[in-house]
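Coordinate analysis (summary)
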Amino acid sequence: AAPADAASPRAPAVAARPPAAAARPSAPAVPPSGQALAAAQNLVLNGQYEAGIAALRALKADGDPDVAAFLGLAHRKLGQIDAARGWYDRALAADPDHRLTLSFYGIMHAELGARDKAVDMLRRLRNVCGGESCSEFRALFLVVTGGG
């Protein structure tokens, strides 16, 4: 299920961009452990963005699309839009059909007033999900249509 995305952005700190190697995503040598990844994701979902970023980076799996998607979300919530964009791009470079990234990125576009880009992400999600029933599609749909 797509996590709720209602936490308020905080004042931007120093924007942490993905490392220069972000343009060349690579698969992590060892995928992040499910438990450690879930704990890091929960920090982000609970509004502890800096701690979440630290926990996600400690996984040393920046090339993993789940890790990159949540790094993007945390930076977006901190108001660090350029860093968020870099992490979302990195996640999609690793997996162009990564549903959570498409949803998070689409929500960011909608928040920034780029409705056309948000709708594009919505269309991509419809294709990836094989319809409109996946939670990531529904979350973005609510934002794009003003229902969420």
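Residues numbered from 1 in each chain as written. Predicted model: local features only at pLDDT ≥ 70, side-chain atom pairs only at ≥ 80, totals over all residues. Heavy atoms only, no water.

1. Thoughts on the overall build of the chain
When helices and strands are tallied, the chain shows seven helices and zero strands. Secondary structure of the chain in N-to-C order comes out as α-α-α-α-α-α-α. When the accessible area of the chain is evaluated, it comes to approximately 7300 Å², of which 53% is carbon and sulfur surface. (Helix = DSSP H or I, 4+ residues; strand = E, 2+ residues; numbered from the N terminus. Areas by Shrake-Rupley, 256 points an atom, 1.4 Å probe, with all protein chains shown as cover.)

2. Some remarks on the side chain of H75
Relative to the assigned elements, H75 resides in helix α3 (residues 65–77). Accessibility expressed as a relative area gives 3% for H75, which makes it buried. Side chain to side chain, H75 and Q80 meet in a polar contact 2.4 Å long. (Buried < 20%, exposed > 50% of the residue type's maximum accessible area, 1.4 Å probe, protein only. Polar contact = N/O pair within 3.5 Å; in protein donor to acceptor, adjacent residues only side chain to side chain.)

3. A look at the packing of aromatic side chains
Each pair of aromatic rings is reported with the distance of its centres and the angle of its planes. If you walk through the whole model with that rule in mind, you get three aromatic pairs. Measuring from centroid to centroid gives 5.4 Å for F70 and F104, while their planes differ by 85°, and the two rings are edge-to-face. Pair noted here: F70 is in helix α3 and F104 is in helix α5 (residues 99–111), with a separation of 34 residues, a long-range link. Note on F104: relative accessible area 2%, which makes it buried. Aromatic pair F137 and F141: ring centres 5.9 Å apart, planes at 20°, arrangement stacked. Here the residue F137 and the residue F141 both occupy positions in helix α7 (residues 135–144), the gap between them amounting to four residues, near one helical turn. (Phe/Tyr/Trp six-rings, centres within 6.5 Å; stacked < 30°, edge-to-face > 60°.)

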